[in-house]
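# Summary of the model geometry
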Amino acid sequence: MTEKLMSLKLRIWRQADARDKGSMVTYQLQNVSPDMSFLEMLDVLNERLTLDGEDPVAFDHDCREGICGMCSLVINGVPHGPEKATTTCQLHMRHFTDGETIDIEPWRAAAFPVVKDLVVDRRAFDKIIQAGGYISAPTGSAPDAHATPVPKADADLAFEAATCIGCGACVAACPNGSGMLFTAAKITHLGLLPQGQPERDTRVIDMINAHDEAGFGGCTNTGECTSVCPKGIPLETIARLNKDYRQALRASS
């Protein structure tokens, strides 16, 4: 059976550098296989642009396995596109229709300035991690797995938070440009484990301060962040952060 190929109209944000104003540019792309991933489709476009002597579209990518969090694209107004719990690199063209117009833009947030085209600077996340995303641990060999018992419920919640890949979709979706879901995930997964207790209070205060200083907006619990999170991190993670933050403030006063 012959595979039915697709024709698409792509409206892509092009911006030469951080100083450029930028604009949407339209491209027609033919013979797109429905089995292509979204990034493979962009690869095909870039091959054509390169052969035509044009500047290819810059976009972030790395593992292409839904793990690294690099594939930061807003597709038709939704970070990572229309499929729930799916990164852009794992999104396939079968979820679009022949002749469809697809808008492709970068993350839009004050803390994520555009570098070029669809690439944004997400070093603000690194500053949050540097502020407190660590534990005090003695050097030496790894302890036995059963040396420090962890309740099953805590272990499950910690693992759920630890699945955050730091892609920034939560920031791009939030009307306030808040990075609180990311920050909450990093604080929560350490705060629930015995190894994370020595810095528990200082961690939450330092990381929230770093979040605010980096230019992220405040959280107003709209829930947009969780709806686009490719790993399905729940809104309750932010509630847990708020509880830890209040306790840390009381302990430091």
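The paragraphs below set out a description of the structure included in this document. What you see is a predicted model, and the numbers here were worked out from it, not measured in a lab.

Procedures and definitions
Residue positions are counted from 1 within each chain, in the order its sequence is given. Per-residue local features are limited, in this predicted model, to residues with pLDDT of at least 70; the limit for side-chain atom pairs, both in listing and counting, is 80 or more; totals at the level of whole chains, interfaces and linings are taken over all residues. Derived side-chain values reflect all non-hydrogen atoms in the structure, with water molecules and hydrogen atoms excluded from consideration. Strands here mean DSSP runs of E at least two residues long; helices mean DSSP runs of H or I at least four residues long; both are numbered from the N terminus. When a residue's accessible area, from a 1.4 Å probe over protein chains only, is under 20% of the maximum for its type it is buried; when over 50% it is exposed; and in between it is partly exposed. Whether two residues are in contact is decided by their heavy atoms: any pair within 4.5 Å suffices. Two strands make a pair as long as DSSP finds a minimum of two bridges between them. The convention used is that axes are lines fitted to C-alpha atoms, helices contributing only their stretch in contact, and that angles between N-to-C directions extend from 0 to 180 degrees. The salt bridge definition used is simple: a Lys or Arg side-chain nitrogen within 4 Å of an Asp or Glu carboxyl oxygen. In summary, the pairing rule links any two rings of Phe, Tyr or Trp, Trp by its six-membered ring, whose centres are within 6.5 Å, and it sorts them by plane angle into stacked for under 30 degrees, edge-to-face for over 60 and tilted for everything else. Two conditions define a charge sitting above a ring: the NZ of Lys or the CZ of Arg must be within 6 Å of the ring centre, and it must be within 35 degrees of the ring normal.

## A closer look at the overall build of the protein
Along its length, the protein carries 8 helices and 7 strands. Principal-axis analysis of the C-alpha atoms places the extent of the protein at approximately 60 × 45 × 35 Å. Counting every position in the protein, which comprises 253 residues, the buried fraction comes to 44%. Sequence-distant contacts in the protein: of pairs separated by 6 or more residues, those separated by 24 or more amount to 69%.

## What to know about the sheet that holds strand 1 (residues 6–14)
Neighbouring strands of a sheet are bound in pairs by backbone hydrogen bonds; such pairs are parallel or else antiparallel. Strand order in the open sheet formed by 5 strands is 2-1-5-3-4, with mixed pairing between adjacent strands. Lying at the two open borders of the sheet, with one neighbouring strand each, are strand 2 (23–32) and strand 4 (78–79). With 2 bridges connecting them, strand 3 (residues 74–75) and strand 4 associate as antiparallel partners. Paired with isoleucine 75 across the two strands is valine 78, which belongs to strand 4. Its contacts with the sheet place helix 1 (residues 38–51) against strand 1, strand 2, strand 3 and strand 5 (101–105), and it is angled at close to 100° to strand 2.

## What about unusual backbone geometry?
Leave glycine aside and you will find that most residues have negative phi; peptide bonds, for their part, are mostly trans. One non-glycine residue, arginine 64, adopts positive backbone phi at about 55°. Relative to the elements of secondary structure, arginine 64 occurs in the loop between helix 1 and strand 3. Of note, the phi angle at histidine 80 is positive, near 70°, even though the residue is not glycine. Structurally, histidine 80 is set in the loop between strand 4 and strand 5.

## Here we look at the pattern of salt bridges
Counted according to the given criterion, the structure contains 13 salt bridges. Close ionic contact of aspartate 35 with arginine 94 constitutes a salt bridge, the shortest N to O distance being 3.3 Å. Residue aspartate 35 is found in the loop between strand 2 and helix 1, and its partner arginine 94 is found in the loop between strand 4 and strand 5; the two are separated by 59 residues along the sequence. Take aspartate 35: its relative accessible area is 47%, and that puts it in the partly exposed class. A salt bridge links aspartate 244 to arginine 200; its shortest N-O distance comes to 2.9 Å. With aspartate 244 in helix 8 (residues 236–252) and arginine 200 in helix 6 (residues 200–213), the pair connects residues that are 44 residues apart, well separated along the chain. The class of aspartate 244 is buried, set by a relative accessible area of 6%. Put simply, Arg14, Asp55, Lys116 and Asp117 are held in one network by salt bridges that share partners.

## Quick word on the packing of aromatic side chains
The geometry of an aromatic ring pair comes down to the distance between the two centres and the angle between the two planes. The tally for this structure, following the rule as stated, stands at 5 aromatic pairs. Centroid distance phenylalanine 112 to phenylalanine 125: 5.2 Å. Interplanar angle 85°. Geometry classified as edge-to-face. One end of the pair, phenylalanine 112, is in the loop between strand 5 and strand 6 (114–116); the other, phenylalanine 125, is in helix 2 (residues 123–132), with 13 residues separating them in the sequence. Given the relative accessible area of 1%, phenylalanine 112 is considered buried. Arranged with centres 5.7 Å apart and planes meeting at 90°, the rings of phenylalanine 112 and phenylalanine 216 form a pair that is edge-to-face. Here phenylalanine 112 is found in the loop between strand 5 and strand 6, whereas its partner phenylalanine 216 is found in the loop between helix 6 and helix 7 (224–228), with 104 residues between them in sequence. Ring-pair connections join several aromatic residues into one group, and the members of that group are Phe112, Phe125, Phe182 and Phe216. The ring of tryptophan 13 is capped by arginine 108, whose NZ or CZ atom sits 4.3 Å from the centre of that ring.

Remember, this is a structural readout, not a statement about activity or role.
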